[in-house]
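Examination of the molecular architecture
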Amino acid sequence: MVGLGALVVVLVIGAAASLAVGARALSPAEVWHGLFASPDPDQRLTEIRLIVRTVRVPRTVLAIVAGIALGIGGSLIQGYTRNPIADTGLLGVNSGASFAVVTVIAVFGFADPFQYVWFAFLGAAAAGVVVFGLSSIGRGAGNPLTLALAGQGVTVFLAAMTTAVALTDLQSLNALRFWNAGSVAGVGFDVIWPVTAFIAVGVVLALTTLPSLNLLNLGDDVARGLGVNIALSRTVGIVAITLLAGAATAACGPIAFLGLMVAHVARYMTGPDYRWLVPYAGLLGAVVLLVGDIVGRLVVRPGELDAGVVVALLGAPFFAVLVWRGKFRSA
Amino acid sequence: MTPGVRLGQVSFVWRPWMVCVTLLLAAATFLVFCLSIGIGDFPIGLSRVIATILGRGEQVDEFVIMDLRMPRALAGLLVGIALGVSGAITQSVARNPLASPDILGITGGASATAVFLVTVSGGAATAVVSTVGLSAAALVGGLGTGLLVYFLAWRRGVDGFRLILIGISVTAVMEAITTWLLTKADIRDVARAQVWLVGSLDNRSWDEVRVVFWCTLVLMVVVAAVAFQFKPLHLGDEVAAGLGVRFSGVRAVLLLCAVLLAAAAVSAAGPVPFVALVAPQVAMRLVRYPTPPLVASGLVGALLLIGADLTARSALPVTLPVGVVTAAIGGPFLVYLLVRANLR
């Protein structure tokens with residue numbers, strides 16, 4: 001409980017920093033003014049108000065919402081697959097979304113994120129279900145390597161198909177390269193609110209499955225003996241994962257390794273009880289994505305490094321350390 | 001029964017079926033190679049192609065074939081062989097039919113290097129490209145990353161499982177860098193980089209063919225020299241050691257050769273996906289052998305790559321890079337492998 005409180009405090013500090021830091025640095029007083037003051041004839045104050053309300057607030061809100069979604073989604077994927085290597089990036093969710101985005105831009109000529117975000121959602125969900133299904137047929141269920149390689153294969157396949165479409169249509173190539181970087185910036189509230197609604201449903205579903213998830217991890221037979229409806233619990237879990245990961249990816253683009261990273265840190269902090277682990281992972285996800293976004297604004301000033309790139313650069317070495325310390329076993 | 005043959009210190013098993021299939025594959029590869037040279041905007045008959053290759057062709061054919069079409073076809077042949085053999089080695093060492101050298105970091109490193117050089121114009125980058133060429137620079141980048149993966153995965157020996165996971169993580173870092181470079185670049189450079197990223201045989205020159213030719217030749221000799229210790233390797237560390245294989249040494253040499261072969265291939269054609277994964281598995285099934293056979297894997301790789309290139313430039317309504325076609329073939333094949341491996 002103390003840990004959760006501390007994470008919330010860190011998150012609030014992070015959010016405040018996220019409002020102040022950027023190409024145009026703002027003082028706390030200026031942020032306060034931008035947030036709460038009524039329109040002012042002063043040119044400089046109007047500008048500050050504009051920056052805070054249309055740039056900083058949306059990206060901060062999205063970083064928190066998407067971070068929570070990816071954190072909870074990541075820890076749920078690991079729980080349901082009983083697979084410590086499961087992650088949205090490795091599950092092909094990201095490449096499915098990219099492919100869908102490029103295809104609808106090339107076919108329908110959509111230019112606004114509000115139009116293609118829904119197709120990204122569908123693509124993400126479809127790819128995730130395919131990889132998950134492939135790796136859980138028969139004997140391979142629960143083998144980390146099968147899941148990783150299935151995800152890798154589907155990702156490479158979809159990436160090549162994405163390229164094929166993008167090369168025939170310069171507009172979609174242009175959209176693709178920015179989308180692929182995975183960023184919380186440049187998305188308006190017209191996209192953020194519906195995405196948040198999806199994520200909220202996903203979070204509620206996720207929280208309701210946690211007690212049965214704990215029992216499922218004792219093994220299917222034990223769980224059935226203790227009165228868990230296994231098929232129902234799995235279905236609800238997969239729907240929740242798809243909602244969370246799909247909605248976050250649709251809004252931000254691919255952000256790999258975040259879910260994997262925070263799920264492991266959360267397990268280290270709380271132990272194996274999913275009722276504690278999942279809330280921790282959600283808050284940690286929000287903190288890491290928020291900090292990643294802030295770091296991205298600082299390192300290559302006045303330019304920016306996209307949050308997805310920062311998280312991958314942090315998360316991949318973290319993953320390598322876990323591998324090296326023998327956290328994953330071949331089944 | 002399959003009789004054994006002994007020649008001094010070297011002994012091997014005489015397998016008529018394997019030899020026949022391999023010879024047939026070689027013949028098929030040669031045929032597709034000649035077809036690929038003959039088909040184009042200026043079609044040339046098969047007999048004239050063969051005559052020209054043997055040095056007895058007409059002047060017109062000689063120009064079109066030797067100066068225009070031969071580099072592309074040869075690049076396809078060599079890249080296919082290199083990828084096939086590299087894949088066969090990787091799958092044997094990792095003892096996993098789904099492993100391919102793409103996940104050992106070479107592809108990611110070479111891609112990041114190439115995209116960096118294509119998109120960052122001016123100064124040092126332009127100087128590097130004009131002096132050593134994009135291919136050679138990508139080769140160095142790919143090799144560096146491959147070696148990095150190898151050293152990071154080293155912990156009292158190399159273990160296939162750890163190698164794959166470390167490879168995936170290093171590749172992810174390289175992809176993040178590539179993605180970031182692409183967002184910074186001019187859109188025309190992005191299109192150029194994207195063609196490179198999916199693997200293409202367009203506009204190959206004799207220079208590039210020469211690099212991949214010498215690399216492949218030297219490495220194949222090394223592989224052939226240690227390949228007789230190949231089969232015990234597949235049985236696992238303990239059994240191999242019991243049979244008298246110095247497995248850590250042999251495995252290190254073979255894996256290094258696989259990395260170098262893949263790097264040579266990537267430098268010549270870009271990261272053509274799935275050839276290294278599919279070729280050894282197809283070869284294994286064709287020759288009915290329990291582990292990926294080296295020679296047959298190389299030939300299937302060449303057949304696949306040249307065939308895909310032929311399809312990409314003549315059979316499809318729009319001209320696409322060869323990598324798109326190999327991915328279209330390889331993706332479903334991977335699904336098949338997965339389902340089969342799991343249902344057994």
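Before reading further, recall that the structure is shown in the block above.
Attention in this report is confined to the structure presented alongside it.

Definitions and limits used
Residues numbered from 1 in each chain as written. Chains lettered and ligands numbered in written order. Predicted model: local features only at pLDDT ≥ 70, side-chain atom pairs only at ≥ 80, totals over all residues. Helix = DSSP H or I, 4+ residues; strand = E, 2+ residues; numbered from the N terminus. Rg over C-alpha atoms; globule rule 2.2 N^0.38 Å. Contact = placed C-beta atoms within 7 Å. Axes fitted to C-alpha atoms, helices over the stretch in contact; angles between N-to-C directions. Left-handed = near helix turned anticlockwise from the far one by under 90°. Nonpolar A, V, L, I, M, F, W, Y, C, P; charged D, E, K, R; others polar. Parallel < 35°, antiparallel > 145°, perpendicular 65-115°, else oblique. Expected span 1.5 Å × (residues − 1). Bend = angle between axes of the 7 residues up to and from the residue.

**Comments concerning the overall build of chain A**
Helices and strands together make up the secondary structure of chain A, namely 13 helices and 0 strands. Listing the helices and strands of chain A from first to last along the sequence gives α-α-α-α-α-α-α-α-α-α-α-α-α. For a compact globule of 331 residues, the expected C-alpha radius of gyration is about 20 Å, and chain A comes in at 20 Å, within 12% of that figure. With respect to the three principal axes, the spread of C-alpha positions in chain A is 70 × 55 × 35 Å. Contacts in chain A between residues at least 24 apart in sequence constitute 77% of all its contacts with a sequence separation of at least 6.

**So, the packing of helix 3 (residues 43-81) of chain A against helix 10 (residues 230-252) of chain A**
Residues and elements named next belong to chain A. At their nearest, the axes of helix 3 and helix 10 sit 9 Å apart, and the two run at 145 degrees to each other. The handedness of the crossing between helix 3 and helix 10 comes out as left-handed. Counted together, L62, A66, A69, L70, I72, G73, L76, I77 and Y80 of helix 3 and R234, G237, I238, A240, I241, L244, A245, A247, A248, A251 and C252 of helix 10 form the full contact between these two elements. Across the contact of helix 3 with helix 10, the residue classes tally to 17 nonpolar, 2 polar and 1 charged.

**Topic: the interface of chain A and chain B**
Taken residue by residue, the interface counts 42 residues in chain A and 42 residues in chain B. Every element with two or more residues in the side of chain A that touches chain B is listed here: helix 6 (144-167), helix 7 (170-181) and helix 13 (307-324) of chain A. Counting residues per element, the side of chain A that touches chain B draws most heavily on helix 6 of chain A, which supplies 15 residues. When its residues are assigned to classes, the side of chain A that touches chain B shows 29 nonpolar, 10 polar and 3 charged.

**Focus: the packing of helix 4 (residues 93-108) of chain A against helix 10 of chain A**
Residue and element names in this part refer to chain A. Relative orientation of the contacting elements helix 4 and helix 10 amounts to 50 degrees, with a least axis distance of 10 Å. As the angle between them shows, helix 4 and helix 10 are arranged oblique. Here the hand of the crossing between helix 4 and helix 10 comes out right-handed. For the pair helix 4 and helix 10, contact is made by V93, N94 and A97 and by A245, G246, T249 and A250, respectively. Of the residues in the contact of helix 4 with helix 10, the class split is 4 nonpolar, 3 polar and no charged.

**Topic: helix 3 (residues 59-94) of chain B**
Residues and elements named next belong to chain B. Relative to the 52 Å expected for 36 residues at 1.5 Å per residue, helix 3 spans 50 Å between its end C-alpha atoms, a close match to the ideal helical length. Where helix 3 bends most, at R69, the angle is about 55 degrees, and the proline P71 comes one to four residues later. Remark: R95 follows helix 3 within two positions and exhibits a positive phi of approximately 50 degrees.

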